[in-house]
Amino acid sequence: MTPELVGLAGIFFLLLLLTLGVPIGVGLGLVGLAGLSILISPEAALIKGGVVSFETISKYELGVLPLFLLMAHICFAAGASRDFFDVAAKFVGHRRGGLALASIGGCAGFGAISGSSLATVATISSVALPEMRKAGYHPGFASGALAAGGTLGSLVPPSGALIVFGIIAEQSIGKLFAASIVPGLSQALFYMATIAILCTLNPALGPSAPRVPWRQRLPALRKILDILLLILFVIGGLMIGWFTPTEAASVGVLGALLLWALRGGVTWPGLFGALRSTLRTTGMIYVVIIGAILFATFISVTGITGLLSSAVTNFHASPILAISVMALVLLLLGSFLDGLALMLLTTPIFLPIAVNLGFSPIWFGIFLVRTMEIGFVHPPLGLNVYVIQAMAKDIPLATIFRGIIPFLIADFVHLGLLIAVPAIVLWLPGVAGA
Amino acid sequence: MTIHDDSSDFVIDDEGQIGREPATAGRVGEAAYLVGSLGLLVATAADAIAVAGRHTGIHLLGSIEVVQSAVVLIASSAMVAATIVGSHASVHILTERLPAGTARRLARIAALLSALLFALLAAGSAWVASELWSGFEQTELLGIPLRWLRALWIAAALLIAFLFLRAAARRSP
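Everything quoted here is computed from the prediction, not taken from an experiment.

Conventions and cut-offs
- Residues numbered from 1 in each chain as written.
- Chains lettered and ligands numbered in written order.
- Predicted model: local features only at pLDDT ≥ 70, side-chain atom pairs only at ≥ 80, totals over all residues.
- Heavy atoms only, no water.
- Phe/Tyr/Trp six-rings, centres within 6.5 Å; stacked < 30°, edge-to-face > 60°.
- Lys NZ or Arg CZ within 6 Å of the ring centre and 35° of its normal.
- Salt bridge = Lys/Arg side-chain N within 4 Å of Asp/Glu carboxyl O.
- Helix = DSSP H or I, 4+ residues; strand = E, 2+ residues; numbered from the N terminus.
- Buried < 20%, exposed > 50% of the residue type's maximum accessible area, 1.4 Å probe, protein only.
- Contact = heavy atoms within 4.5 Å.
- Buried area = accessible area lost by both parts, 1.4 Å probe.
- Polar contact = N/O pair within 3.5 Å; in protein donor to acceptor, adjacent residues only side chain to side chain.
- Nonpolar A, V, L, I, M, F, W, Y, C, P; charged D, E, K, R; others polar.
- Axes fitted to C-alpha atoms, helices over the stretch in contact; angles between N-to-C directions.
- Parallel < 35°, antiparallel > 145°, perpendicular 65-115°, else oblique.
- Left-handed = near helix turned anticlockwise from the far one by under 90°.
- Bend = angle between axes of the 7 residues up to and from the residue.
- pLDDT = per-residue confidence, 0-100.
- Disulfide = S-S within 2.5 Å.

**A few points about the packing of aromatic side chains**
Two numbers describe a pair of aromatic rings. These are the distance of the centres and the angle of the planes.
Residue and element names in this part refer to chain A.
Then comes step 1: Considering all chains together, one arrives at 17 aromatic pairs over all chains under this definition.
Then comes step 2: Three or more aromatic residues link up through ring pairs in this structure, and these residues are Phe165, Phe359, Trp363, Phe364 and Phe367.
Then comes step 3: Against the face of Phe91 rests Arg217, its NZ or CZ located 5.9 Å from the ring centre.
Then comes step 4: Its end group placed over the ring of Trp214, Arg217 keeps NZ or CZ at 4.3 Å from the ring centre.

Encoded structure:
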């Protein structure tokens, strides 16, 4: 059996294990170790497992992950989760589709705290969906906007997905954060444009809510000002080189604690709760990262990526065509794998090919996360849709999926734009020198 | 259907309520939370002090080594905590549609495979640690002994393997 065939068999077994419900990190790690045992030797595989696991858990750079998670959990405990929608609704709610626009703004703002798509859609939907339904919004349109808006949580910095990508692809997390800002903002604008077009074509989709006077709007801004300043300070400071990503996260934790104290709600149970939630999520991600690094080592030994790269080169396809095919494969895999599994399975295979085609690894990270985000809303997996359905059981799944279609079209156009114009991703990290 | 977020610990339950994983951790879990929380606070303080020092012209050396050591505490205890509450990320698209008995059998196999992986990681780490033990490996500036951190990780990996084994044994086929 050639190493390439062993590699393909490994990928097949990994997909089988994941489908059968084996934890993602465990599946990746076992296939990685088994593959290395076959291709090198069982002793080498065992030692590699020991080296990789300790190196991973003692990596300074990985400290960024639990610390950003802690910052997010402290912000949740401080009650900052729903304010973004409330404030945006006061400013644009009186326009046609205004509450849907506000939900996109709320998702972008909350995404900057949570770094997670499902947390974003769950939190914003819990406050925005009842408001939109009360205002007479079409259920499919309202839930479609929320499901799509929730995906912003995976891209807007400090994104958990980008941190994991940065670690497994050995790329600068600061550059990835900087690179995600313009695509994140443009994605939000695409969704807002979609809402505006839909409401112009069919005003009944999102009727106007009563106008909130300016004397109520400006004071409402105060509710999110502290969080906005904290995010700006942490991400801005990271981009202009005041601190490293891990330091930025530490400063963010202290800032979040200060903000919580100023809001007057700090309690020991609240703090312990934030610490415990952080540890549970951190533990799950560490297992996945250790598994992913072992799997990536195995894939690099098989030479599969070299084989695929030369196949792409021999095909004489243009880089854009090749990356578009890659996007299609990712979207197909995203139909039954969740985002994290998709990223960890495909990064070791697709990243070297993309780099050979002349794409920057930073650009690839944003492309991958953007493609992964689409998987959160497209059928049959579309986890964001199930989150919304769990919260509004009277809206049928088919209605929500139909409501998502216009936003999916916007997603595909936006993804195409990122592929055609990589500068959208690479301009800001270049300027900021992150 | 309960929806679990693989990148945070948000849960939407059958009633559509947003909640968090239950924190029924037992004594081992409480110890893991304590060690991990200590690590998180130490890492936060060390880096924040280093940043403040750098921007006020007082350079404090060794913060990276302190954070590195704290990260070992965080990661080891976090993996134990995640195992105790069963919050490891997995794909549910097939298992949710299977009959309960088949799903339980698959869960038992998954737990056994998970125990195997952590036992292998513990064995590999123990092999490496035994080779380096007599070298008194330590960090450059502060001289933090790494062999005790390696020992902590090996103990955590063995504990996780045991927890998965126990979970496999408890699930009735």
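**Re the pattern of salt bridges**
Then comes step 1: All told, the structure shown has nine salt bridges over all chains when counted by the stated rule.
Then comes step 2: Glu247(A) serves as the salt-bridge partner of Arg54(B), at 2.7 Å between the closest nitrogen and oxygen. Note that Arg54(B) is positioned in helix H1 (residues 26-55) and Glu247(A) in helix H13 (residues 245-263), a pairing that runs across two chains.
Then comes step 3: What makes Arg54(B) partly exposed here is its relative accessible area of 33%.
Then comes step 4: The exposure class assigned to Glu247(A) is buried, which follows from its relative accessible area of 5%.
Then comes step 5: With its nearest N and O atoms 3.0 Å apart, the salt bridge here joins Glu30(B) to Arg276(A). Of this pair, Glu30(B) sits in helix H1 while Arg276(A) sits in helix H14 (residues 268-302), which puts the two residues in different chains.
Then comes step 6: Accessibility expressed as a relative area gives 36% for Glu30(B), which makes it partly exposed.
Then comes step 7: Owing to a relative accessible area of 16%, Arg276(A) belongs among the buried residues under this scheme.
Then comes step 8: Salt bridges sharing partners connect three or more residues here, namely Arg370(A), Glu373(A) and Asp411(A).

**Quick word on the interface of chain B and chain A**
Then comes step 1: The partner chain A presents 73 residues to the 71 residues of chain B that form the contact.
Then comes step 2: Summing both partners gives a buried area of about 6200 Å² for chain B against chain A, and 75% of it is carried by carbon and sulfur.
Then comes step 3: Contact with chain A buries area across many residues of chain B, yet Leu40(B), Val91(B) and Trp127(B) alone supply 10% of it, more than any other trio.
Then comes step 4: At the boundary of chain B with chain A, the tally comes to two salt bridges.
Then comes step 5: Our count for the chain B to chain A interface comes out at eleven residue pairs in polar contact (both at pLDDT 80 or more).
Then comes step 6: Counted by class, the side of chain B that touches chain A contains 42 nonpolar, 18 polar and eleven charged residues.

**Some words on the packing of helix H6 (residues 98-114) of chain A against helix H7 (residues 117-134) of chain A**
Residue and element names in this part refer to chain A.
Then comes step 1: Contact pair H6 / H7: the axes reach a minimum separation of 9 Å and the direction vectors enclose 155°. The angle between H6 and H7 places the two elements in the roughly antiparallel class. The chirality of how H6 crosses H7 is right-handed. Between H6, through Leu99, Ala100, Ser103, Gly106, Cys107, Phe110, Gly111 and Ser114, and H7, the contact on the second element is made entirely by Ala119, Thr120, Thr123, Ile124, Ala128, Glu131 and Met132.
Then comes step 2: A breakdown of the residues in the contact of H6 with H7 according to their chemical character gives eight nonpolar, six polar and one charged.

**Let's talk about helix H12 (residues 214-239) of chain A**
All names here are of chain A.
Then comes step 1: Taken as a whole, H12 carries its principal kink of about 45° at Ile224.
Then comes step 2: Those residues of H12 that sit buried are Arg217, Ala220, Ile224, Ile227, Leu230, Ile231, Val234, Ile235, Gly237, Leu238 and Met239.
Then comes step 3: Looking at the buried side of H12, the elements it contacts are helix H4 (64-77), helix H5 (83-92), H6, helix H11 (173-201), H13 and helix H21 (423-432).

**A look at the side chain of Ser125(A)**
Then comes step 1: Within the fold, Ser125(A) resides in helix H7.
Then comes step 2: Apart from the residues within four sequence positions on either side, Ser125(A) is in contact with Thr120(A), Pro130(A), Leu146(A), Ile388(A) and Met391(A).

**Let's talk about the confidence of the model for chain B**
Residue and element names in this part refer to chain B.
Then comes step 1: Mean pLDDT over chain B: 84, with 84% of residues reaching 70 or higher.
Then comes step 2: Across residues 1-23 the pLDDT falls below 50, and counting only partners more than four positions away or on other chains, this stretch makes 83 contacts in the model.
Then comes step 3: Reported for the predicted complex are a pTM of 0.83 and an ipTM of 0.87.

**Overview of the packing of helix H16 (residues 319-333) of chain A against helix H17 (residues 339-356) of chain A**
Residues and elements named next belong to chain A.
Then comes step 1: Interaxial distance between H16 and H17 falls to 12 Å at its minimum, and their mutual angle equals 170°. Looking at the two axes, H16 sits roughly antiparallel to H17. Facing H16, whose interface residues are Ile323, Met326, Val329, Leu330 and Leu333, H17 presents Leu342, Thr346, Phe350, Ile353 and Ala354.
Then comes step 2: Per-class residue counts for the contact of H16 with H17 are nine nonpolar, one polar and no charged.

**Describing the environment of Ile38(A)**
Then comes step 1: Tracing the sequence through the fold places Ile38(A) in helix H2 (residues 24-39).
Then comes step 2: A C-alpha to C-alpha distance of 33 Å links Ile38(A) and Leu65(A), two positions 27 residues apart in sequence.

**A word on the environment of Thr120(A)**
All names here are of chain A.
Then comes step 1: Here Thr120 is to be found in helix H7.
Then comes step 2: On the accessibility criterion, Thr120 (0% relative accessible area) is buried.
Then comes step 3: In sequence terms Thr120 and Gly63 are 57 residues apart; their C-alpha atoms lie 23 Å from each other.
Then comes step 4: For Thr120, the residues in contact, after removing those within four places along its chain, are Cys107, Phe110, Gly111, Ser114, Ser125, Gly150 and Gly153.

**Considering the state of the cysteines**
Residues and elements named next belong to chain A.
Then comes step 1: For the structure on display, the rule yields zero disulfides over all chains.
Then comes step 2: Note on Cys199: no disulfide assigned, nearest cysteine sulfur contributed by Cys107 at a separation of 16 Å.
Then comes step 3: Residue classification places Cys199 among the buried residues on the basis of a relative accessible area of 1%.

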